[in-house]
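Below, each chain spelled out in residue letters.
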There are 2 protein chains.
Amino acid sequence: MRYCVIMCGGAGTRFWPFSRSSKPKQFLDFFGTGRSLLQMTVDRICPAVKPENIILVTNNQYKDIIKEQLPQIKESNILLEPARRNTAPCICWAAHHIAAMDPEAVIVNLPSDHLILKEPEFCQAIEEGFDFVEKGNRLLTLGIKPTAPHTGYGYIQQGTAEKEYPGIFKVKSFTEKPDHDMASLFVDSGEFFWNAGIFLWSAKAILEAFEKYSPEISQTLDAPSGVYATPKEPEFIERNFPDCINISIDYAIMEKASNVYVKTVEFGWSDLGAWKALYDSSPRTSEGNVTQNSKVITKDCSGSIFAAEGDKIIVAAGLKDYIVADTDKALLIYPMNEEQKIRNIVNDVKNRFGSDFV
Amino acid sequence: MRYCVIMCGGAGTRFWPFSRSSKPKQFLDFFGTGRSLLQMTVDRICPAVKPENIILVTNNQYKDIIKEQLPQIKESNILLEPARRNTAPCICWAAHHIAAMDPEAVIVNLPSDHLILKEPEFCQAIEEGFDFVEKGNRLLTLGIKPTAPHTGYGYIQQGTAEKEYPGIFKVKSFTEKPDHDMASLFVDSGEFFWNAGIFLWSAKAILEAFEKYSPEISQTLDAPSGVYATPKEPEFIERNFPDCINISIDYAIMEKASNVYVKTVEFGWSDLGAWKALYDSSPRTSEGNVTQNSKVITKDCSGSIFAAEGDKIIVAAGLKDYIVADTDKALLIYPMNEEQKIRNIVNDVKNRFGSDFV
């Protein structure tokens, strides 16, 4: 059977003041459509995977908000990590959990906080990906055709094509966050694709890969039969999961394994990693601004994003390439090209005014 | 006896979004001290005038907020204009009201929305002013020693000194809002002072001046005895006050009368006419910003004013000479040197989003 694992435990504060540690990005109704990014992720995968086969891996603190946002997901499908250990341990756990229910299962792993504009293309890619990994011991990652030499992404280089599966290639190399010149070369070559963190494999294939390439995690999470997907699971995880090393799936498995493939795709993807990404993926006004959920009057403003909660009015003049983000707790007015500094600012806010604001 | 008339019916929206037509500037706790500008005006005059001799002239719509802010003022001392007719008619009405109670009364007229930093100097000036106008048929205005060639104020030129009253002069001329070159000449001469809208006179002197220089208003508000300061007053005013011409006391009386004097003073005055004036009169951070009622973190910001309601945090970077004013209804981010355009913006907001926001 086909399963989906959605990772939704991240605590991103890059969209502060909109995202706070009590309500990070994946739980926000980012585009004012009435659905959070997590809800959109579930809605999007539902044609390919039944709700009872969707597993959510998250942090204990987000249990209530997930139950509220996703009433269709039964509680036993929500895996609560007792500690944050990056993506590798949680993917391994989810694979064990699913394999205990269905040893022949195939799995798609999804981030919960990305934007995908072309759903039909996405669904088709997932179907074709499932078809591919059901045929054997293969680890498949989706590679997004790059639109610009972004330096913040991981790049996947395609190798030889799989004749029977158009658009699927052996992976030749992974490169994390290249510098700008390197990224430009990558994009110009046509051989490199963005790593979107979307992976497909059989439960068997990924658990074998953990045994081989990440034996520490494999051994730490190796439980006797009759533990995973039973009432004994939470106690086992509580005791053992925190002992896992903190490592991403890319470093732990994908960059080491020899049976890694990439399916190249184009479906209007953005990781919405920060305000600039949100600006880039949103429709603009004639002045070149993006306005969200707010009544905005601008004069001599361009390249800026205006986001406010509720019914609030924003009047602004003379802002070029600015982020204006306003909630009932905090107001951020910051140059968009310095947004990487917002993380430090959030720490500063926390130190000076308390964690109630971040 | 000594009386005070405080004019507090203005509907200023220059401090939008903080001031709104439902709660204009005089009713705001501008400096976060717990007292509104109106309350500070009453507090300031109280050593010189007893609360039962303080008369408030305002618009009907502000009756409740005045009763709430000034419980020590009895309701019969609140004169409610049935229509807005600028300062001359309301000063004439208040003089009639007071004269009916005490024909020998002397009166100080005060705006309700100004800042005065040096209260002892202010109180002394008022005492000396009362002493002067009690001696005869004289109209006295206070003239503020100018600190810069502001073009937004009216200027009073001093004439011959009154020998027995140091600092008091006959007025030689009034000039409304000179251009910048003229204002510079005025300031350099040492003969010109800002018109602060603070006037002293006896009830008899000002009513005689109205008869002589503004006979239309005088006749419109000339009631038989037994009307003013009796239960018949509201009905008389309701019927007659709207027929008054709309004119300021400066044009109607001060610029025409021959018995006009100026007392030159220095007591840290600002009319708080707009954000720039508030900025100029407020203490600055080391970066040169003014922050009000809010938790502010700035980076590369200078010459700016940050104002927010309540406990809100503001984080801003790269703003030079900006107004950032945030309420629960609206957020304004505007260059300070364009603040005269805010009035138009407020109209725009009203037209587009409704009067609930202005």
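Up top is the structure these notes are about.
Residues numbered from 1 in each chain as written. Chains lettered and ligands numbered in written order. Predicted model: local features only at pLDDT ≥ 70, side-chain atom pairs only at ≥ 80, totals over all residues. Heavy atoms only, no water.

Attention now moves to the overall build of chain A. Assigned secondary structure in chain A consists of 11 helices and 17 strands. The C-alpha atoms of chain A give a radius of gyration of 21 Å, which matches the 21 Å a tight globule of 358 residues would have. With respect to the principal axes defined by its C-alpha atoms, chain A has extents near 65 × 45 × 35 Å. Buried positions account for 58% of the 358 residues belonging to chain A. When the accessible area of chain A is evaluated, it comes to approximately 14900 Å², of which 48% is carbon and sulfur surface. Measuring between centres, the 38 positive side-chain charges of chain A sit 1 Å from its 47 negative side-chain charges. (Helix = DSSP H or I, 4+ residues; strand = E, 2+ residues; numbered from the N terminus. Rg over C-alpha atoms; globule rule 2.2 N^0.38 Å. Buried < 20%, exposed > 50% of the residue type's maximum accessible area, 1.4 Å probe, protein only. Areas by Shrake-Rupley, 256 points an atom, 1.4 Å probe, with all protein chains shown as cover. Lys, Arg positive; Asp, Glu negative; His and termini not counted. Charge placed at Lys NZ, Arg CZ, Asp CG, Glu CD.)

Below, the discussion takes up the sheet that holds strand E15 (residues 313-317) of chain A. The strands that make up a sheet pair up through hydrogen bonds in the backbone, lying either parallel or antiparallel. With respect to topology, six strands assemble into an open sheet ordered E13(A)-E15(A)-E17(B)-E16(B)-E14(B)-E12(B), the strand pairing being mixed. Only two strands of the sheet have a single neighbouring strand rather than two, namely strand E13 (295-299) of chain A together with strand E12 (290-292) of chain B. Sheet twist, expressed as the average angle between the axes of neighbouring strands with direction ignored, equals 5°. Inspection of the sheet shows E15 of chain A paired to strand E17 (residues 330-335) of chain B by four bridges, in the parallel sense. For Ala 316 of chain A, the partnering residue across the bridge sits in E17 of chain B and is Ile 333 of chain B. Contacts from helix H11 (residues 342-353) of chain B reach E13 and E15 of chain A together with strand E16 (322-326) and E17 of chain B within the one sheet, and its direction differs from that of E13 of chain A by about 145°. (Pairing = 2+ DSSP bridges. Axes fitted to C-alpha atoms, helices over the stretch in contact; angles between N-to-C directions. Contact = heavy atoms within 4.5 Å.)

Quite often, the size of an interface is put as the accessible area lost when its parts meet. With 34 residues of chain B at the contact, the number on the chain A side is 34 residues. Our count for the contact surface shared by chain B and chain A stands at four salt bridges. Between Lys 312 of chain B and Asp 326 of chain A there is a salt bridge whose closest N-O contact spans 2.6 Å. At the junction of chain B and chain A, the tally comes to 20 residue pairs in polar contact (both at pLDDT 80 or more). Of all the secondary-structure elements, those providing two or more residues to the side of chain B that touches chain A are strand E13 (295-299), strand E15 (313-317), E16, E17 and H11 of chain B. When its residues are assigned to classes, the side of chain B that touches chain A shows 21 nonpolar, two polar and 11 charged. (Salt bridge = Lys/Arg side-chain N within 4 Å of Asp/Glu carboxyl O. Polar contact = N/O pair within 3.5 Å; in protein donor to acceptor, adjacent residues only side chain to side chain. Nonpolar A, V, L, I, M, F, W, Y, C, P; charged D, E, K, R; others polar.)

Another point: the relation of the copies chain B and chain A. Each copy of the sequence occupies a distinct position, and chain B is placed on chain A by a rotation of 179° and an axial shift of 0.0 Å, giving an RMSD of 0.1 Å. Such a combination of rotation and displacement between the chain copies is what one expects of a two-fold axis. It is Asp 328 of chain B whose C-alpha, among those of chain B, lies nearest the rotation axis, at 3.7 Å. Interface overlap between copies is the fraction of interface residues in one copy that are interface residues in the other; for chain B against chain A it reaches 100%, indicating a shared surface. (Least-squares fit on C-alpha atoms with pLDDT ≥ 70 in both.)

Turning our attention to empty space enclosed by the protein. Evaluation of the coordinates by the stated rule reveals two cavities of 30 Å³ or more. Counted as a void, the largest cavity has a volume near 60 Å³. Taken together, Thr 41, Arg 44, Ile 45, Leu 110, Pro 111, His 114, Ile 116, Phe 122, Ile 198 and Trp 269 of chain B make up the lining of the largest cavity. Broken down by secondary-structure element, the contributors of at least two residues to the lining of the largest cavity are helix H1 (37-45) and strand E4 (106-111) of chain B. Among the elements that take part in the lining of the largest cavity, H1 of chain B stands out by supplying three residues, more than any other. Taken together, the residues of the lining of the largest cavity break down into seven nonpolar, two polar and one charged. One number sums up the size of the second largest cavity: a volume of about 50 Å³. Lining of the second largest cavity is provided by Thr 41, Arg 44, Leu 110, Pro 111, His 114, Ile 116, Phe 122, Ile 198 and Trp 269 of chain A. Elements supplying a minimum of two residues to the lining of the second largest cavity: helix H1 (37-45) and strand E4 (106-111) of chain A. (1 Å grid on protein atoms, 1.4 Å probe; cavity = no way out; pocket = protein on both sides within 12 Å on 5 of 7 lines; lining within 4 Å. Points joined across faces, edges and corners; volume = space filled by probe spheres on them.)

Moving on: helix H5 (residues 180-189) of chain B. Residue and element names in this part refer to chain B. The set of residues buried in H5 consists of Ala 183, Ser 184 and Phe 186. The buried residues of H5 occupy one face: seen down the axis, they fall within an arc of 160°. In H5, the exposed positions that point more than 90 degrees away from the buried face belong to Asp 181, Leu 185 and Asp 188. At its buried positions, H5 is contacted by strand E7 (154-161), strand E8 (168-176) and strand E9 (192-202). Here H5 starts with a cap whose side-chain oxygen sits 3.3 Å from the backbone nitrogen of Asp 181, and that cap is Asp 179. (Arc of directions from axis to C-beta.)

Time to look at the packing of aromatic side chains. Scanning all chains against the criterion turns up 28 aromatic pairs over all chains. Here the aromatic rings of Phe 199 of chain A and Trp 201 of chain A are separated by 5.5 Å at their centres, their planes lie at 5°, and the arrangement is stacked. When sorted by exposure, Phe 199 of chain A lands in the same class as Trp 201 of chain A, which is buried. Of the aromatic side chains, those joined through ring pairs into one cluster are Phe 15, Phe 18 and Trp 275 of chain A. Sitting above the plane of the Tyr 261 of chain A ring, Lys 170 of chain A keeps its charged end 5.1 Å from the centroid. The positively charged end of Arg 138 of chain B is found above the aromatic ring belonging to Phe 132 of chain B, 4.2 Å away from the centroid. (Phe/Tyr/Trp six-rings, centres within 6.5 Å; stacked < 30°, edge-to-face > 60°. Lys NZ or Arg CZ within 6 Å of the ring centre and 35° of its normal.)

Right, let's get into the pairing of strand E1 (residues 2-7) of chain A. Residue and element names in this part refer to chain A. Within E1, six of the six residues are buried, leaving the element largely enclosed by the surrounding structure. Note that E1 and E4 share six bridges and pair parallel. Residue pairing for E4: Met 7 is matched across the bridge by Pro 111. Between the parallel pair E1 and strand E2 (residues 54-59), the chain is carried across by H1, and the sense of this crossover is right-handed. (Right-handed = clockwise from strand over helix to strand, strands pointing away.)

Quick look at helix H8 (residues 233-240) of chain A now. Residue and element names in this part refer to chain A. All of the buried residues along H8 are Glu 233, Phe 236, Ile 237 and Asn 240. Relative to the axis of H8, the buried residues are bounded by an arc of 95° and lie together on one face. Among the exposed residues of H8, those pointing more than 90 degrees away from its buried face are Pro 234, Glu 235, Glu 238 and Arg 239. Structurally, H8 contributes buried residues whose contacts are with strand E3 (78-81), helix H3 (87-101) and helix H7 (215-220).

To continue, consider the sheet that holds E13 of chain B. Sheet architecture is open: six strands sit in the order E12(A)-E14(A)-E16(A)-E17(A)-E15(B)-E13(B), paired in mixed fashion. With one partner strand each, in any of the chains shown, strand E12 (290-292) of chain A together with E13 of chain B form the two edges of the open sheet. Strand after strand, the sheet turns through a mean of 5° between neighbouring axes, direction not considered. As paired elements, strand E14 (residues 305-308) of chain A and strand E16 (residues 322-326) of chain A share four bridges and run parallel to each other. Opposite Ala 308 of chain A, over in E16 of chain A, you have Asp 326 of chain A as the bridge partner. Packed onto the sheet, helix H11 (residues 342-353) of chain A meets E16 and strand E17 (330-335) of chain A together with E13 and E15 of chain B and runs at close to 145° relative to E13 of chain B.

Residues and elements named next belong to chain B. Inspection of the secondary structure puts Asp 102 in the loop between helix H3 (87-101) and E4. Residue classification places Asp 102 among the buried residues on the basis of a relative accessible area of 12%. Distance in space between the C-alpha atoms of Asp 102 and Ala 148 is 41 Å, their sequence separation being 46 residues. Setting aside its immediate chain neighbours within four residues, Asp 102 contacts Met 1 and Tyr 3. Polar side-chain contacts of Asp 102 include one of 3.1 Å to the backbone nitrogen of Met 1.

By themselves, these figures tell us nothing about what the structure is for.
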